[in-house]
Amino acid sequence: MSRLLGAVVLSCVLTACTVLTPGKALKDPAFAGPYYGAPRDVAAFDPCKALPAEPEQWWMQKAVAPARPGTAIPGTCFHIFGTGGPRDVGVLVGVRAMPYDGEKAKFPDGHQAQFDGHTTYLFCGEDGTGAECTAWAALAPEQTLLVSTYQRGSSASAMLPTVQRYLLHVLERLPKAR
């Protein structure tokens, strides 16, 4: 008897889920963001100290030069990791005073994801000599974390996991607001 009751309840639930109701369509919550995750203390964040000179994770390499402030994008810092050769990985890190959606609109061929509770937009491209992948993570309505990686002789598909790892590492080191 309980199997029959379970089948009837399941049938009713499935039927109720497929019934169309008149009215305005609801916005899909998966695309309602951006989600900002835990509030971050960006005032205490130094992009030149966001990544370690010595490897802290299995996938990291040693810094081949001291981190230096980015010249093209204010508020960023440029790091170089590797062995000092042509296949070193360049990583640009910074918190930008701009909305996440503004960055997302500039690169319509990217993909949206979630990292540590933050809506993140990822875009990768190749220039014939190497590949670059950039991630923009929504921190607050007017604050976006930027992490961009570049490597000569690489492909976009190879650089995507690299930018994701650096993004997660920076998010872990970005202090939470108190």
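Keep in mind that this is a model prediction, so the values were computed, not measured.

K.L.:
Please give an account of the pairing of strand 4 (residues 111–115) that cites residues and values.
P.N.:
Side-chain direction in a regular strand flips from residue to residue, so the side chains alternate between the two faces of the sheet. Two strands pair when backbone bridges link them, and strand 4 and strand 5 (residues 118–126) are joined in this way by 5 bridges, in the antiparallel orientation. Pairing of Gln114 across the sheet is with Thr119, part of strand 5. Linking strand 4 to strand 5, which pair antiparallel, is a turn of 2 residues; within it Asp116 sits at a positive phi near 50°.

K.L.:
Break down the state of the cysteines for me, with residues and values.
P.N.:
Overall, the coordinates contain 2 disulfides when judged by the stated rule. Each sulfur in the disulfide pair Cys48 and Cys77 lies 2.0 Å from the other. One disulfide, between Cys48 and Cys77, carries an S-S torsion of 100° and so falls in the right-handed class. Taken as a pair, Cys48 in the loop between helix 1 (2–18) and strand 1 (68–69) and Cys77 in strand 2 (residues 76–81) lie far apart in primary sequence, 29 residues in all. Disulfide partners in the protein chain, listed by the sequence order of the bonded cysteines, are 1-2, 3-4.

K.L.:
Quick one: what's the story with the nonpolar core, residue by residue and with numbers?
P.N.:
Counting 27 residues, the largest nonpolar core has Val91, Leu145, Val147, Tyr166, Leu167 and Val170 as its most contacted members. Where this core is concerned, the elements lending two or more residues are strand 3 (89–96), strand 6 (130–140), strand 7 (143–152) and helix 3 (156–173). No other element matches helix 3, which puts 6 residues into this core. Apart from the residues lying within four places of it in its own chain, the contact partners of Leu145 are Gly94, Val95, Ala135, Trp136, Ala137, Leu139, Leu167, Val170 and Leu171. Core analysis: the second largest hydrophobic core is formed by 6 residues, Tyr100, Tyr121, Ala138 and Leu146 among them.

K.L.:
Go over the confidence of the model for the protein chain, please, and point to the residues and values.
P.N.:
When pLDDT is averaged along the protein chain, the result is 81, and 81% of the positions lie at 70 or above. Throughout residues 1–29 the model reports pLDDT below 50, and contacts reaching past four residues in sequence, or to other chains, amount to 2 contacts.

K.L.:
Report on the sheet that holds strand 3, specifying residues and quantitative values.
P.N.:
The strand order 1-2-3-7-6-5-4 describes an open sheet built from 7 strands, whose pairing is antiparallel. Strands at the two margins of the open sheet, each flanked by one partner only, are strand 1 and strand 4.

K.L.:
Give me the lowdown on helix 3, citing residues and values where you can.
P.N.:
Compared with the 26 Å implied by 1.5 Å per residue over 18 residues, the 26 Å span of helix 3 between its first and last C-alpha is a close match. Within helix 3 the residues assigned to the buried category are Ala156, Met159, Thr162, Val163, Tyr166, Leu167, His169, Val170 and Leu171. Where helix 3 is buried, its residues touch strand 2, strand 3, strand 4, strand 5, strand 6 and strand 7.

K.L.:
With reference to specific residues and values, describe the packing of aromatic side chains.
P.N.:
Going through the model one piece at a time under the given rule, you end up with 4 aromatic pairs. With a centroid separation of 4.9 Å and 25° between ring planes, the pair formed by Phe107 and Trp136 is classed as stacked. Pair noted here: Phe107 is in the loop between helix 2 (100–106) and strand 4 and Trp136 is in strand 6, with a separation of 29 residues, a long-range link. Residue classification places Trp136 among the buried positions, given a relative accessible area of 5%. Each ring, one from Tyr121 and one from Trp136, has its centre 6.3 Å from the other, and the planes form 35°; the classification is tilted. With Tyr121 in strand 5 and Trp136 in strand 6, this pair connects stretches of sequence that are 15 residues apart. Three or more aromatic residues link up through ring pairs in this structure, and these residues are Phe107, Tyr121, Phe123 and Trp136.

Definitions and cut-offs
- Residues numbered from 1 in each chain as written.
- Predicted model: local features only at pLDDT ≥ 70, side-chain atom pairs only at ≥ 80, totals over all residues.
- Heavy atoms only, no water.
- Pairing = 2+ DSSP bridges.
- Helix = DSSP H or I, 4+ residues; strand = E, 2+ residues; numbered from the N terminus.
- Disulfide = S-S within 2.5 Å.
- Core = buried A, V, L, I, M, F, W, Y, C linked by side-chain atoms within 4.5 Å.
- Buried < 20%, exposed > 50% of the residue type's maximum accessible area, 1.4 Å probe, protein only.
- Contact = heavy atoms within 4.5 Å.
- pLDDT = per-residue confidence, 0-100.
- Expected span 1.5 Å × (residues − 1).
- Phe/Tyr/Trp six-rings, centres within 6.5 Å; stacked < 30°, edge-to-face > 60°.

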